[in-house]
Every structure is written in structure tokens, then in C-alpha cells.
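Per-entry structural report
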Protein chains: 2
Amino acid sequence: MKHFFIFIFSLVALSCWSQNISEAFNLMPWPKNITQNNQPFILNEAFTVSLDGPDSERLKSTSVNFLRRLSGRTGIFLKAGFPVSAKQNKTAALKISYNDIASLNINTIEAYILEVSPDQISIKAQTDIGALRGLETVLQLIDFNESTYFIPGVSITDEPRFVWRGLMIDVSRHFHPVHVIKRNLDAMAAVKMNVFHWHLVDDQGFRIQSKVYPQLTKLASDGLFYTQEQIRDVVNYASNLGIRVIPEIDVPGHASAILTAFPNLGSKSGYEYSVERNSGVFDPTLDPTNDDTYVFLEKLFTEIVTLFPDDYFHIGGDENEGRHWDENKDIQKFKKEHNLKTNHDLQTYFNIKVEKILNKLGKKLVGWDEILTPNMPTTAVIHSWRGENEGLPKGGTLIEAAKKGYNTILSNGFYIDRMESIEKHYLTEPIGNVSLTEAERSRILGGEATMWSELTTPLTIDSRIWPRTIAIAERLWSDKSVNDVASMLKRIASVSFRLEELGITHIKNRDVILRNMSNNQDISSLITLQQICEPLKIYARNKDGIEYQTYSPFTLFADACVVDALDAVHFNALVRMQQTKPSQENQAKIKNYLEKWSKNHEQFLKLTPSPILTELTPLSKNLSEASSILLEKLNQNKISSASQEQLDKNLKVLKQDHVDVEVAIIQALETLAH
Amino acid sequence: MKHFFIFIFSLVALSCWSQNISEAFNLMPWPKNITQNNQPFILNEAFTVSLDGPDSERLKSTSVNFLRRLSGRTGIFLKAGFPVSAKQNKTAALKISYNDIASLNINTIEAYILEVSPDQISIKAQTDIGALRGLETVLQLIDFNESTYFIPGVSITDEPRFVWRGLMIDVSRHFHPVHVIKRNLDAMAAVKMNVFHWHLVDDQGFRIQSKVYPQLTKLASDGLFYTQEQIRDVVNYASNLGIRVIPEIDVPGHASAILTAFPNLGSKSGYEYSVERNSGVFDPTLDPTNDDTYVFLEKLFTEIVTLFPDDYFHIGGDENEGRHWDENKDIQKFKKEHNLKTNHDLQTYFNIKVEKILNKLGKKLVGWDEILTPNMPTTAVIHSWRGENEGLPKGGTLIEAAKKGYNTILSNGFYIDRMESIEKHYLTEPIGNVSLTEAERSRILGGEATMWSELTTPLTIDSRIWPRTIAIAERLWSDKSVNDVASMLKRIASVSFRLEELGITHIKNRDVILRNMSNNQDISSLITLQQICEPLKIYARNKDGIEYQTYSPFTLFADACVVDALDAVHFNALVRMQQTKPSQENQAKIKNYLEKWSKNHEQFLKLTPSPILTELTPLSKNLSEASSILLEKLNQNKISSASQEQLDKNLKVLKQDHVDVEVAIIQALETLAH
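Below you will find a few notes about this structure.

So, how was this worked out
Every chain is numbered on its own, with residues counted from 1 as its sequence reads. The naming scheme follows written order: chains are lettered A onward, ligands numbered 1 onward. Given that the model is predicted, a residue must reach a pLDDT of at least 70 before its local features are reported, and side-chain atom pairs must reach 80 or more before they are shown or counted; all residues, however, enter totals for whole chains, interfaces and linings. Note that the side-chain values use all heavy atoms of the structure and ignore hydrogens as well as water. Here an axis means a line fitted to C-alpha atoms, over the contact stretch when the element is a helix, while the angle between two N-to-C directions is reported on a 0 to 180 degree scale. Only DSSP runs of H or I covering at least 4 residues are called helices, and only runs of E covering at least 2 are called strands; the numbering of each starts at the N terminus. By the definition used in this description, the sense in which the near helix is turned from the far one sets the handedness, with an anticlockwise turn below a right angle giving left-handed and a clockwise turn giving right-handed. Whether two residues are in contact is decided by their heavy atoms: any pair within 4.5 Å suffices. Gly is placed with the polar residues, together with every amino acid not listed as nonpolar (Ala, Val, Leu, Ile, Met, Phe, Trp, Tyr, Cys and Pro) or charged (Asp, Glu, Lys and Arg). Note on definitions: the grid is 1 Å and covers protein atoms alone; a cavity is a set of points where a 1.4 Å probe fits but cannot get out; a pocket is an open set with protein on both sides within 12 Å along at least five of seven lines; lining residues have an atom within 4 Å of a point. Grid points are joined across faces, edges and corners, and a volume is the space filled by probe spheres set on the points. By definition, two strands form a pair when at least two bridges between them are found by DSSP. Least-squares superposition of the copies uses the C-alpha atoms of those residues scoring a pLDDT of at least 70 in each of them. Residues belong to one nonpolar core when they are buried, are Ala, Val, Leu, Ile, Met, Phe, Trp, Tyr or Cys, and are joined through side-chain atoms within 4.5 Å. Exposed residues in this analysis have more than 50% of their type's maximum accessible area, buried residues have under 20%, and partly exposed residues fall in between, with area computed by a 1.4 Å probe over protein chains only. Throughout this description, the term salt bridge denotes a Lys or Arg side-chain nitrogen within 4 Å of a carboxyl oxygen of Asp or Glu. For any pair of parts, buried area is found by adding up, for both, the accessible area (1.4 Å probe) each one loses once the two are put together. The definition of a polar contact used here is a pair of N or O atoms within 3.5 Å, where within protein one atom must be able to donate a hydrogen and the other to accept one, and adjacent residues in sequence count solely through side-chain atom pairs. Under the convention used throughout, the expected extent of a helix is 1.5 Å for every residue step, that is, one less than its residue count. By definition, a residue's bend is the angle between the axes fitted to the seven residues ending there and the seven starting there. Throughout, the arc means that of the directions going from the helix axis to the C-beta atoms.

Structural notes on the packing of helix 23 (residues 584-604) of chain B against helix 25 (residues 617-636) of chain B
Residues and elements named next belong to chain B. Close contact between helix 23 and helix 25 brings their axes to 8 Å; oriented N to C, the two are set at 140°. Considering only the axes of helix 23 and helix 25, their crossing is left-handed. In this structure, helix 23 uses Gln587, Ile590, Lys591, Leu594, Glu595, Trp597, Ser598, Asn600, His601 and Phe604 to contact helix 25, whose residues at the interface are Thr617, Ser620, Lys621, Leu623, Ser624, Ser627, Ser628, Leu630, Leu631, Leu634 and Asn635. When the residues that make up the contact of helix 23 with helix 25 are grouped by side-chain class, the tally is eight nonpolar, 10 polar and three charged.

Shown next, in the form of C-alpha cells:
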């Protein structure tokens, strides 16, 4: 009992401290409604889960995983390792009640009600999917004090704002084996995402087994592809997590892999098609004037749709510049004969034929927003990706598509491979203040984070997806008003860390790369550098797509670095704050950082040098020198002109790209310097 | 050229320093013959690999992986990402020549010759398997200086001492998915092991899909099993690494899972068979007097052998105490009728029938050494596992089996799940000074490390297998005379670290567990404790097999700890040395450790406490107090009697088990204390 009193005390303390409920809980995405009652449920070894509803494979497997995660996180030796039916156990610690086994589609009900009282935790939902979502909320609520783990007393009613909350993973540029996909599906479910868009085919590889056309993987995958059994396994795994799986076979462009196997379907006769090893936009394109193209696609799609129960099928349709069409006289002739003025018209002709194939197979076509052309039927779904960077107005094509009658999803602003800050993605509001009719609004289904994989391998992909995708998950689930960046940053730190229990490697693989670089020496000086450096952004890392081949090393310093570098974010905030609202305390913290950096080069020099370490020397040296001078300046309020000159030199070097990273504190250092 | 001179200089320096060649290279297993020529091959982006021999899938895939590992480790952007045939490239940097595609069996030739000169690296081998082994040696040779990566000039001729160098993984007690198996196969190949023994069936789960008897996995796997396609995939993956795969279906004991699906084959009628959640030796046993048992086994084995091309098939046969046989009157009657005096005789009756089934299927029977009974035909292979702990003479049954005419393999001494030191496994010499005829010697095929998985999950299994299994790999490959522990410890540090590039998680998952325990706080104080604590040994952790269920948490402090705890090994050696050959320098190092530990509790107390951290408090507190007093003692050459009393109290606490670990420096602390 002694422990219990300590516990009550700390809870009271907690509730006094917490003015704002979002301070008290690290929930993400933030629920629709939450109230607190300060009546926690204490976790102990007697904890049980009961299921009250029709037999649900997904809820059974998720409850087992729930129990493992609860036990793994707390170290509690649960007596009951498996859920039971509500008939067997009427007084279960966690009672889950639901009415239906959901079909996974854009109408699936994902709402749930969660009530925590000292006697019981209850989750009520219309569907088993809603119940899954509630279980993830319970796991995010787990809290502790010195003597007890507990679930704080809350009442939550929750449902998503958008029905389509997706993550696309490109497995063509770099292949990502089944276990990499599965751990990312687990992470998606942990933040209530529900669409996995599987970019299976591109210039760099055909990654799905076709038994009808085995040449595709034999000639164009380097042996790296999913068997049909693996695809079924992943689809079933995703379904158990309440995640739909949408395949993408990118056509008619991005076709180097397909045409490596079937050059006769290409637009340029005699062209030597081969699997692409570089990044970029390439010319190989299916010939839309060749009937064989449609025979091939129909047979292929007929086979592939059997693996994916989802209503939707993504055909890509992006970035076809039509060069090979222009170079082919027969295609030019065909365009004239069919009154197709532009290559866009020709591609629309192609898209319409492909859509008919898909419709016959019971599938709805999704395509990147290049398919949004005047003649495209509104039955297609427009995947809005282009924006200001591609010469379109801000916000891209999402609203336009919805107004024109298309269902549509947003990826512009959610391109996580661009290595931009979490804040930018978080504040990408799909609708904003645009006024829409109810019908128009309902056509905006949601959005997708897109993980293009030119520069990622299984070693690094998790750190490119997470934690930023958590912010996107909240944007798509939570109310538009949930947009406080400081609150998001506080909550995401906890939720991001917890992905590690699902096998996500975004934290642990940093040290793997740094150990590899240093040949297993002390990596602390490298960590200090890593925490202020970020990979080059917006495709600057792989200039023109030819610095890196698909088989280049992705074990470099830049691969150990992540967006929103930890110390950089803190330091930059301190310097900003010091500009507007100076304090002794902040100043001391700034000096602490400068001291750490000024000493770091000495530590770095203790490493036995190797070529890959030597490349970091200018970065390490100039950072230390600049920090020492700035420290002197802050301490003495002035520095000599020689020191200022040296500082300027240092900063000039730090401003340059180093080994494919940028120094993310450079602006703050310049602020302090001038 | 400037760099080149530096490089030559450092090489000369190296060769002067290196009196002993085993100091110069971190090769493991150590090769049969090696000479040095100080003429290194410099690695650069022009590096290429050529293959000169018949088309070998395994050599192609391994060379591609070789190039990726070379590039990943050095950061060199290789221009050629794939090997070519020797006809295409006559001047390849690394030329691999071989004559045959090997069949994988106990006669496979694994010898190779490796020559490194400034112009070329060449690997010559009779078979493609020999070439694979040589490639791993090249990767272990990679060295660097400030400006260059290089392969030191050496000539190596190499071949194994034993033909059977295995690792057994138990996937029944805890299931280990395909990717866990694959990464461990990669690691095995990296240290030239060649047999993966897959313990697929035991009381705790039936882990292989049977299409003939789907009930087996439906009722007795919790959904955790390998499909036949996955089995084929793993077998093919292993074959590409030159690793044979031997399945084990443990019968007639360890049969809870089988009998959960087929209770009618059990020895005790009316018994409620269920998948076992605890560890230990259980009573459920197949009924050897029931003809249906053999019908079942023949159908099952007929199906399973199609998945495993290897000549051998392991039937377990261990730890059947025959209690259910004793309790069954019909079985007692059967024994009398067939003149089977003991349960061992009855089991031999069973084994002989099973062997006939296997022989009909073209397979040779392997069984744990309980099958070594007077009537057992010598066509069976005896897997020697019992030893002094099981009441047998030292060395167990290996020599006895060989002398009696059986082929035999050794696991006694290689039980890595017992959590004993690397040194113990390393010094387990299979033959020793026993005098054997040539025929007897040839029957000793080799040995296997055994990874029983009662206390491991995918999170921790790698740290239980590695690095200790590297020492076993050397014991089985290298000459008997290669047994210097200090040399082994020096080399294994490097080879163990490099397993991380293959995805082995033995290093990185420590921090995952400590972060989980601390809820992502600063784990440095926990690391300090981890580096002197080792998991309880020889099954003391899971007393009587009932503390832990299969679904218990394996995310505890003990799971973060490993055998041969880093600081403990160093500190113990220092204290030992100080006893025999005292020096100021050693004394200073000892004091450094004591200082670190004495300050650690203060750091530990900064962590926000939780129940799982609070359990560590006695350990942390007593270690700090003891270290402070010992430090005082070393500094002043005496301490007060009150301090001595306090110290004794501290040491008494540290001697107890704490949270399933033992303090691995306790003896050294006591030495210092008295």
C-alpha cells in the first residue's frame, strides 16, 4: 500500500502541473476528444484481454502483439499470454467490444471509444479496425512512476479526418525485403495509418513475380523481387493491421525494367533496354500505339489483381516526357490519325485503355497527377504530387481535381525523401481555407507520404521514413486545428522512440553506420557531428542522379545523418530565442554547445584515420575553431579582428557541402558571429 | 604519390612491429598456411571481380554481396557493381578461378588458395564453395591507412580440419522468422561454417508447414511457422553460401506440439495435450507400439524430405524419460512381447523403424546421443551432446561413437545457450590426445554450436550466438594447434564487430533494450552496469523452467547483458595480473575502473525511476559503495574497520543474483578487498 500512496501523490502532482491536456499525454495522432479523470488503471501480472465480437483474425493477432508489447515494455510477467473471449472472462482488465469484421475500403469505420477506470479499460467500436486503433492508443498511454506502471484515467472518442492515410514505399530503386516492409507496416499501424502503396515497378527493377511473364523478374530484378506468396503474406499481414495495400505498376514511362524483358513493347525500335542503375527520368516508354502493349498489360494485371484484394490499382503515369514517342515516326503518324495533338493526349489515350482493363477486373485506377487531362474519366483517382517545384501553383492539383469531380489524394508536401523538416510536412494542410461543397470535400480522400528509394537501403530506410511520417499521420487523422508545432515536437519524440519496439531501426542504425566508418572505434566525436548535420535536401545529394548508382555505398556519414538533427534543432531554437528574449540561462546553454563542439575535434583526432574519416576532417576542424572563437566572443563580448577573420573563414567552409551533408547550425552560428 | 609513400612507410612500420603473423591479421578461422609479402593490393573505384569457371549461382550472388560489402565498408564508389566472366575481363582486380560446382555434402572440397600481389588478387579453388571461403578471407583482410584501403600482401592455402561445422537454431521454443535465420546464415558463412541444423519441432511449437497434415501448424504453432516456400527459400539461400541445411523433427519425445494436433498418436490415452508454454523435459511422447505412428511419420517425412536436399535428417531422439510409456499398460505388454527390457530398448525399436523410413527416402538418420544403444545400426549418425553435466565421462560420447563405428558430431562443449565463456568453447578440443585409427578419426565429422531458444527472441538471439560461435567455428576449421586464447580474443573482437555489416544485431540491440527499460533516458549508467554483468549461466536463469513462459518478457536487463562482459573481462585480467606481476600502470587502470563505478550510482539516480529500473538499484548502489571503499583502500593502503565492514556487506549483496544476472567482477573485487 505504501507504493500506492506514493503513486496517488505523483498523479495529483501531475494533474496540477498539467494545464494543457496535450502536455500530459504523448498521443499521436491526437484524438478527436479526450477528457481526463485522474483514475488510473494499474498494470500488473493479472492483466487480461477479452474480445467481445465476431471472430476476428486481425483482432486476435493484434491483441497477442499488444500483450507482448505491454509485457516487453514494462517487464511485467503476464500470467495470461493470449486474449480470451468475453464469455470466458467477464472481468478482463481490458475488454474489447465490437460488432463487425470490417472490409477494408474507403468506407471502413475506424472510430472507437476508449474508457479507462481503475477497474477496467474498455474499448468499444463498430468494427474490429476501430478496436485496433484503440489498442494503439492504450499503448501510447502507458505511464509509470517509481513503483507502478499504469494507464492514466481518460475518456477518448476518436475517428479520423481523412479515410486515406498512406505511406508509399518505392522498392524498385532499392529493393526492401519482406521483413523491412512488415516492420514499417507495424509502425504505420502504431500511428493509425491505413494505406500501404507499394511502388513495385520502375526503371530500376521489376519487383513482383509474374508466373505469366517470368522474364520480368528473371531479366529485370537482379534476383530481388517478391514471390506471389510473399505478396499475399504481406497483404494479409497488412489486413491484420487494418491497412489496405495498393500496388503500383508504373506505366507507360519509367519502363526500363519492363522493356528489358519485353523490348518489342518499347517505343524506340532497336533501343538497347537495360535495368537502370542511375536515378532520374529516363526515356524508355511503352508504345501506346502497339496492341501488344495492351495484351501484355491485360494479362499482367489480370494476374496481379488476384494478389491484391483492394479496390484500387495504381498505374503511375508520371514523368513521361515522350522523347521516344517523338523519335518514332509510326507513333507520330498514329497521333495524327487519331487526332492526338500532344503527347499528353496520347498518354490519355493510353490511360483510358488501361482504365478499361482495370475496370473489367473490378479495379479503380489511381495515377499520379499527370493523368489529370481534359479527357480523363472522373472515375480515375488523381494522386496529387506536383507543386511549386514542378511549376504548378501552391497546393498543386488536389483542389482542382476535387472540383473537377475526381477522387484525389495528396502527396505534394509529403515527399519525405526530399529530406525536409518535420515541421514543413506537419504544416502541409491539404484543404486549408479553400471553400468546398460537401461533394468536393468528400472527394479529398486523404494523402500519402512517399518514400522514393534512390538513396535508401534497408539499413537507412527507417530513418528516412520515421519520425517525420508520424507528423503526416497526425495531419491526416486529427482535426485541422491540431497544428501546434511545439506540442507535436514534444509528443513525437516519445512516439518515435517507441517505434523501436516494433523493430524500426531509425535510432539504432546510426551507430551501426558510424561504427562501420570508424572501424569500431569510439564514435562519440562522430555522434557530436551527426547531431548538427543533415543530409543534403531536395535531391541535392545525388546531383543529376548520376553521383550514386543503385549499387553505390549508402553507409556514409550522410546516411547516418537525419533530418531535424537533434542538437541543431535545440541550438537553433536557443539562438533564435536569445535574439528575441535573451536570458542568462539560454546563454549558458548556447555556451555549453559551443564548448562541446570546440573540444570535439581533439576527440575526433584520436581516431585512427582512414579515408572515409579523413573526409570529415574539414567539417570537424572548422566547427571546433568556429566554436572556440564564438565562445571567446560570448565570454568577452568581443574578439580580435584576426579572430573575426578566422571565424569568417571557418564559417565559409562550414557553409559548403561536406560529404553530402549540410551543417544545420550554420545560420545560428552566423547570427552569433555578426 | 605523396599518400603512397606514407602508406609504404606505415606498412614497413607494421612489418617491423609484427613478430607474430597472427598479430597482424584478424583472420578467423585462422587459415592452414599463411605467408606475408608486404606487397599490398590497393583498393580503388576501378576494382573488379571476374569469375573463371562453370556458371555458379552461388558464386555470382556471393560476389555481388562481396562487392556491396567492400563498398559499404570503405565508402568506395565502385564503377562496376557486378562480377564479370573472366573472358570479358582478363585483368580483373580479383580473379576467381574454380573448376566445379560443388554438391553440398560431407565430401565437398572447401580448399582454396589466395594470393595477393600489387597487381591482382587471385583465388583458386577446386570448387565454387572453396572460392566462397576465399572471398570471406579477403574481406577479413581489408585494412586501411589514412589515405588508402588495401589488402595486405599474403599467400594463403587453406582447408578445414572438420567437414561438419554447424550451428543449430531452435525455432520451436521461440520462433525466429526467415530474416533472422538468413542473417545468421550470412554470419555463419563469414566464419566458414557449413551446416545449419534447423530444430523445427519441439514441445513448444511445430514450425514447418505440412500440406499433408495442416493440423500440425494450425493447432500447434500459434501461427508462427515457415511455409514450404520459405523453407525452400532458406535452403537455397544457404546453398548459395555453401551451407547445408539439416531439418530436425524431434521424436518420439518432445512431442507436445505433434500430439496437440494428433492426440491419438500419444502414449497416454485421455491426456490433454497442448502446446507447451514452459521450458523443460515433458512427458508427451509418441506411442512406438502404434502402427499409426509410423504411418504418420512416413507420410510426414516423405513430404518434408522434398524440401531438404541434404543427405541427413535429424530425428532428435533425446530426453525421453518414458513416463507415459510406464503408465500405459498396453505399451508395457508390448515391451514384454517384443523382449524389450527397458524404455531405451523400446526407443531403439522405434529408432530402427524410423531409420528404415528415412533410408527408403534416401536419407541418413542423425540423432542426439541417446540413440547410441547396443542395437542401433551404425548407419545412424550420433550427435554427441551429453557430458559431465549429464553424468557421462568428460568428452561425452563422441569418441565412443566413433570407436563403435558411427559417424559422429560434437555439441557437448558447444552449448552456447548455457551462457558460458568464449574461452571454454574455444578450448573444447573434440579429439584431444586420444589415439584413433584413421577410420575412427574419419568418423568424427565435426561439431555444432547449439542455440536452444527458451530464453531468446529475435531481439536477443544474435547476442547469444555471436561472437562465441566464431570461436567454435575456428575450433572446427583450424588446426588443433591454433589454440592461443589471447590471440583468439584479439582477432574475434574485429571479426565479431564486422558481423554487424551482415545485419547481425548483437551489438546494436543492447542499447535498444536499455532505452526500452529507461523509457529513452540517458542509458550511460546502465551501460556501465551492463559491461560488468552477465546473464545467469547453465540454466540458472530460468529455474526449473517455470520462471519464464514462452511469452514472458525478454526485454530485461539480463537480456541486454552478454557473456564475457567487456569491462569485466578487462578488469579481471588486470586484477589477476596485478597479483602476479604488479605494475603502477595496471594499478592506475584498476583505479580508473573503480572510479567509474563509484560515480555511476549518482548518474543512475538521475534517471526517472520506474519499476524495471528500481530493480537495479541494489546492484548499482552496492557497486558504487564497494568501488569507493576499494578506491580508498588502494589510495591509502588501508581502510577503517567500519569501511571494511561496509565493503563486506556490499560484496555480499553483489554476490547474490540480481535481476537474473551475476556480477562478473565479484571475484576480482574480493581479491582487492582481502
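Details of empty space enclosed by the protein
Residue and element names in this part refer to chain B. Scanning the model with the defined rule gives 11 cavities of 30 Å³ or more in all. In this structure, the largest cavity spans a volume of roughly 70 Å³. Around the largest cavity, the lining residues are Leu459, Thr460, Ser463, Thr505, His506, Asn509, Arg510, Ile513, Asp559, Ala560 and Val562. Secondary structure elements with two or more residues in the lining of the largest cavity: helix 19 (508-518) and helix 21 (557-560). With three residues, helix 19 is the largest single contributor of residues to the lining of the largest cavity. Residues belonging to the lining of the largest cavity are distributed by class as follows: four nonpolar, five polar and two charged.

Here we look at the side chain of Thr456 of chain B
Relative to the elements of secondary structure, Thr456 of chain B occurs in the loop between strand 19 (444-451) and helix 16 (461-465). Dropping the residues within four chain positions of it, Thr456 of chain B is found in contact with His174, His176, Met451, Ile461 and Arg464 of chain B.

Some remarks on the sheet that holds strand 9 (residues 149-151) of chain B
Residues and elements named next belong to chain B. Pairing is antiparallel across the open sheet formed by three strands, whose spatial order is 2-9-8. Sheet topology places strand 2 (41-43) and strand 8 (143-144) at the edges, where each strand pairs with a single neighbour. The pairing of strand 2 with strand 9 spans three bridges and is antiparallel. Looking at the pairing, Phe41 lines up with Ile151 of strand 9.

Observations regarding the relation of the copies chain B and chain A
Note on the identical chains: chain B maps onto chain A by a rotation of 180° and an axial translation of 0.0 Å, with an RMSD of 0.0 Å. Classification of the inter-copy transformation places it as that of a two-fold axis. A share of 100% of interface residues in chain B that are also interface residues in chain A marks the association as one of identical surfaces.

Some words on the nonpolar core
Counting 188 residues, the largest nonpolar core has Phe571 of chain A together with Phe47, Trp198 and Trp466 of chain B as its most contacted members. In terms of residue count, the dominant contributor to this core is helix 5 (residues 178-190) of chain B (eight residues). Not counting the four nearest positions on each side in its chain, Trp466 of chain B is found in contact with Leu167, Asn184, Ala187, Met188, Val191, Met193, Leu499, Ile504 and His506 of chain B. Grouped together as the second largest cluster of nonpolar side chains are 187 residues, Tyr149 and Ile472 of chain A together with Cys533 and Ala626 of chain B included.

With respect to the sheet that holds strand 6 (residues 112-116) of chain B
Residues and elements named next belong to chain B. The mixed open sheet is built from seven strands, whose spatial order is 1-10-6-7-5-3-4. Edge positions in the open sheet fall to strand 1 (33-36) and strand 4 (84-85), since each of these has one partner strand only. Bridge analysis of strand 5 (residues 94-100) against strand 7 (residues 121-127) gives six bridges, and the strand direction is parallel. Opposite Ser97, over in strand 7, you have Lys124 as the bridge partner. Running at roughly 165° to strand 3 (residues 49-52), helix 3 (residues 57-74) makes contact with strand 3 and strand 5 of the sheet. Set on the sheet, helix 4 (residues 128-141) makes contact with strand 5, strand 6, strand 7 and strand 10 (154-158); between it and strand 7 the angle comes to about 150°.

As for the pattern of salt bridges
For the structure shown, the criterion picks out 72 salt bridges over all chains. A salt bridge links Lys360 of chain A to Glu298 of chain A; its shortest N-O distance comes to 2.8 Å. Placement of the pair is Lys360 of chain A in helix 12 (residues 343-360) and Glu298 of chain A in helix 9 (residues 291-304), with a sequence separation of 62 residues. Between Lys60 of chain B and Asp55 of chain B there is a salt bridge; the shortest N-O distance is 2.9 Å. We classify Lys60 of chain B as partly exposed; its relative accessible area is 41%. Members of the salt-bridge network, linked through shared partners, are Arg69, Arg73, Glu136 and Glu501 of chain A.

Here's the deal with the interface of chain B and chain A
Between chain B and chain A, the contact holds 50 residues from the first and 50 residues from the second. Together, the buried faces of chain B and chain A total about 4200 Å²; carbon and sulfur atoms form 58% of this surface. Among the residues of chain B in contact with chain A, Phe77, Phe144 and Tyr551 of chain B are the three that bury the most area, contributing 16% of the side total. The interface formed by chain B and chain A includes two salt bridges. Taking the shortest distance from any N to any O, the salt bridge between Arg515 of chain B and Glu500 of chain A comes out at 2.9 Å. Summed over the shared surface of chain B and chain A, the number is 18 residue pairs in polar contact (both at pLDDT 80 or more). Looking at the side of chain B that touches chain A, the elements that each hand over two or more residues are helix 3, helix 7 (228-240), helix 18 (485-498), helix 19 and helix 24 (611-614) of chain B. For the side of chain B that touches chain A, the leading source of residues is helix 19 of chain B, giving six residues. Tallied by class, residues from the side of chain B that touches chain A come to 17 nonpolar, 20 polar and 13 charged.

Quick notes on the pairing of strand 18 (residues 407-410) of chain B
Residue and element names in this part refer to chain B. Two elements, strand 17 (residues 381-384) and strand 18, share four bridges in a ladder whose sense is parallel. Bridge pairing in strand 18 places His383 opposite Ile409. Note: strand 18 against strand 19, three bridges, orientation parallel. Bridging from a neighbouring strand, Ile409 pairs with Gly446 of strand 19.

Notes on the side chain of Asn586 of chain A
Its location among the elements puts Asn586 of chain A in helix 23 (residues 584-604). What Asn586 of chain A contacts, discounting residues up to four positions off in sequence, is Leu574, Met577, Gln578 and Lys581 of chain A.

Some details on helix 18 of chain B
Residue and element names in this part refer to chain B. Its 14 residues give helix 18 an end-to-end C-alpha distance of 20 Å, which sits within 8% of 20 Å, the value for a rise of 1.5 Å per residue. Along its length, helix 18 reaches its greatest deviation from straightness, about 30°, at Ile492. Within helix 18, the full set of buried residues consists of Val485, Ser487, Met488, Arg491, Ile492, Val495, Ser496, Phe497 and Arg498. The N-capping residue of helix 18, defined by a side-chain oxygen 3.4 Å from the backbone nitrogen of Ala486, is Asp484.

Section: helix 22 (residues 566-580) of chain A
In an α-helix, one turn spans 3.6 residues, which is why side chains three or four residues apart end up on the same side. All names here are of chain A. Taking 1.5 Å of rise per residue, 15 residues should cover 21 Å, and helix 22 covers 22 Å from first to last C-alpha, within 8% of that figure. Here helix 22 has its buried residues at Asp567, Ala568, Phe571, Asn572, Leu574, Val575 and Gln578. The arc that holds the buried residues of helix 22, viewed along the axis, is 160°, so those residues lie on one side. Facing away from the buried surface of helix 22 by more than 90 degrees, the exposed residues are Arg576 and Thr580.

What about unusual backbone geometry?
Residue Pro252 of chain A is reached from Val251 of chain A by a cis peptide bond, and omega for that bond is 0°. Along the chain, the position of Pro252 of chain A falls in the loop between strand 14 (244-251) and helix 8 (256-261). For the peptide bond that leads from Met28 of chain B to Pro29 of chain B, omega is 0°, which places it in the cis range. Mapped onto the secondary structure, Pro29 of chain B falls in the loop between helix 2 (21-24) and strand 1. Even without a glycine there, the phi angle at Asn519 of chain A is positive, about 55°. The exposure class of Asn519 of chain A is partly exposed, given its relative accessible area of 32%. With a phi angle near 65°, Asn637 of chain B is a residue other than glycine that sits in the positive phi range. With respect to the helices and strands, the residue Asn637 of chain B is situated in the loop between helix 25 and helix 26 (641-655).

Distances and angles like these do not, on their own, reveal function.
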